[in-house]
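A structural walkthrough
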Amino acid sequence: MVRYTSPRNSGPRGSAGSEGGTMKARSWLTAAVVAALSAPGAARAQGMEGRFSIAFQAGTLSEIAGDLLKDAQGTLLGKPATIDSQGYRDVYAPDLRLQGQLAYGVGERVEIVARGTYYKANGTAVESGTFDGVPLAVYFEPHGDYEEVGFEVGVRYYIASTGRLKSYLGAVAGARVQSEILVSFSAAEAGTSIQNVPFSEESTVPVFGLDLGFTFDFGRHFFVGLDSALRYQGAPTAFEPYPSLPGFNDSDGRWSAPVVATLGVRF
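One structure accompanies this document, and this report is about it. (Residues numbered from 1 in each chain as written. Predicted model: local features only at pLDDT ≥ 70, side-chain atom pairs only at ≥ 80, totals over all residues. Heavy atoms only, no water.)

Quick word on the sheet that holds strand S15 (residues 222-233)
Read around the closed barrel, 8 strands run S1-S6-S7-S10-S11-S14-S15-S16, paired in antiparallel fashion. Shown here is a sheet whose adjacent strand axes are inclined to one another by a mean of 25°, direction ignored. One ladder, built from 12 bridges, connects strand S14 (residues 203-218) with S15; its direction is antiparallel. Among the inter-strand pairings, Val207 is bridged to a residue of S15, identified as Gln233. (Pairing = 2+ DSSP bridges. Helix = DSSP H or I, 4+ residues; strand = E, 2+ residues; numbered from the N terminus. Axes fitted to C-alpha atoms, helices over the stretch in contact; angles between N-to-C directions.)

Pasting the structure below:
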């Protein structure tokens, strides 16, 4: 007698083995995900609380508003002279800005930030008024170059803090030390020039503003980012070199917009 096994009896066995393997794979995957989420430090990675960061920032700064030279009328060297107002952005083009930053998370979304800043911009010549009826140029080079060193502290609030991409808003206040500035006058058609006239003293001025930016994490420690800002700083102290031409150097405070790239580490 010939015996045979029906195909219907073998199919379910193979299917059961396949389903068992699938169930095991799912169990292992679930266990791996749970282990990853419950690993030490995972909770900390979800927010900023208790974490320090150190960052280096480099970028530039654009002048937005504020007059460096003011309208004035009077005399220079006994001749009638006028000065036309000129803004900071007419004299100083954007240049390299460097910053160093230290931050500490005091909450899941909140950091305290301390920052040191350095900026230097080369001045240029502007035609700004008349001397005895001929055009007068004011030179802010080389002794009119602008240089500052500053320190800021602030609070940063993270709109998104749980993912690799973190966005934030911040408010800061601090002070900047501005260099002394000298200017020169030249009326080429009159064959007259006045060199190195004191314009503003070395001054410590207040600064405050807002930050808006983001960072992107590469692992738990390293990150890059972009920071844009709005700043207002007070006016420097003016010299009074020519009582006969008062107010030409009575500069305004200035509004500016720094933009810097960030490279940092958290721990």
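Focus on the packing of aromatic side chains
Summed over all chains, the structure comprises 11 aromatic pairs. Seen from their ring centres, Phe52 and Phe267 are 6.0 Å apart, and the 20° between their planes marks the pair as stacked. One end of the pair, Phe52, is in strand S1 (residues 52-65); the other, Phe267, is in the segment after strand S16 (254-266), with 215 residues separating them in the sequence. Residue class for Phe267 comes out partly exposed when judged on its relative accessible area of 43%. (Phe/Tyr/Trp six-rings, centres within 6.5 Å; stacked < 30°, edge-to-face > 60°. Buried < 20%, exposed > 50% of the residue type's maximum accessible area, 1.4 Å probe, protein only.)

Comments concerning unusual backbone geometry
One non-glycine residue with positive phi stands out, namely Asp132, at about 50°. Checked against the element boundaries, Asp132 lands in the loop between strand S8 (125-131) and strand S9 (134-139). The phi angle at Asn196 is positive, at roughly 55°, despite the residue not being glycine. Structurally, the position occupied by Asn196 is in strand S13 (residues 192-200). On the accessibility criterion, Asn196 (37% relative accessible area) is partly exposed.

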